[in-house]
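A closer look at the structure
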Amino acid sequence: DAGVTQSPTHLIKTRGQQVTLRCSPKSGHDTVSWYQQALGQGPQFIFQYYEEEERQRGNFPDRFSGHQFPNYSSELNVNALLLGDSALYLCASSPVWGGENTEAFFGQGTRLTVV
Amino acid sequence: AQSVAQPEDQVNVAEGNPLTVKCTYSVSGNPYLFWYVQYPNRGLQFLLKYITGDNLVKGSYGFEAEFNKSQTSFHLKKPSALVSDSALYFCAVSHMNTGFQKLVFGTGTRLLVSP
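Residues numbered from 1 in each chain as written. Chains lettered and ligands numbered in written order. Predicted model: local features only at pLDDT ≥ 70, side-chain atom pairs only at ≥ 80, totals over all residues. Heavy atoms only, no water.

Structural notes on the state of the cysteines
Residues and elements named next belong to chain A. Enumeration according to the criterion identifies two disulfides over all chains in this entry. Paired by a disulfide, Cys23 and Cys91 hold their sulfur atoms 1.8 Å apart. Across the disulfide from Cys23 to Cys91, rotation about the S-S bond amounts to roughly -60°, and the bridge is consequently left-handed. In this pair, Cys23 sits in strand E3 (residues 19-24) while Cys91 sits in strand E9 (residues 87-94), placing the two residues 68 residues apart along the sequence. Pair check on accessibility: Cys23 and Cys91 agree, each one buried. (Disulfide = S-S within 2.5 Å. Helix = DSSP H or I, 4+ residues; strand = E, 2+ residues; numbered from the N terminus. Buried < 20%, exposed > 50% of the residue type's maximum accessible area, 1.4 Å probe, protein only.)

This is the structure in structure tokens:
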């Protein structure tokens, strides 16, 4: 089982550019969540996808958008990058049937640096 | 709103000594609590969770956590620390919204185990 895989592992972008991050969930999982972890902080929930729809969203601007594909993989897009978007972006997957007590499995993250 | 607090930025312990990493929570309803560990430049790894039942929960790598409802705490413990336990530890609470789970994380506690 490959677990949750994310690509790329590192990325450097310039302010104002756009970026796309990718995630493949753990086998058997159909729900994908994205988190932003700024340096020295805990992960912050961005949004969550199930059945190719955004199901809930955290307190992030519309510059952050996503997509889920029929094979459950997901993309996170960030437009008009700001220096403050520099962070580790984590993808987590879980089975929707698991409910509130299900542990989420995390990928290794994508380190985004905006210069 | 659900929240967790990790009052210590860093915990220092000598190898072989017991360790405790503190976490307090604030939730409405039943708490579903988790501990994750993060090694440098890596994603989060699940350690253990509390759902219901026995207040002492056993997890991976010899870690355990004690749920205390009256003190709204969920402290992580290990009887004998290893140098390899040095990492960043996050406490999280599960929050259900529109039928989907999201995790709310604390700010993290860095554990440093000295030889």
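Some words on empty space enclosed by the protein
As enumerated under the stated definition, the model contains two cavities of 30 Å³ or more in all. As a volume, the second largest cavity reaches approximately 50 Å³. If you go around the second largest cavity, the residues you meet are A:Thr31, A:Ser33, A:Tyr35, A:Gln48, A:Ala92, A:Ser93, A:Ser94, A:Ala104, B:Gln101, B:Lys102 and B:Leu103. Taken together, the residues of the lining of the second largest cavity sort by class into four nonpolar, six polar and one charged. (1 Å grid on protein atoms, 1.4 Å probe; cavity = no way out; pocket = protein on both sides within 12 Å on 5 of 7 lines; lining within 4 Å. Points joined across faces, edges and corners; volume = space filled by probe spheres on them. Nonpolar A, V, L, I, M, F, W, Y, C, P; charged D, E, K, R; others polar.)

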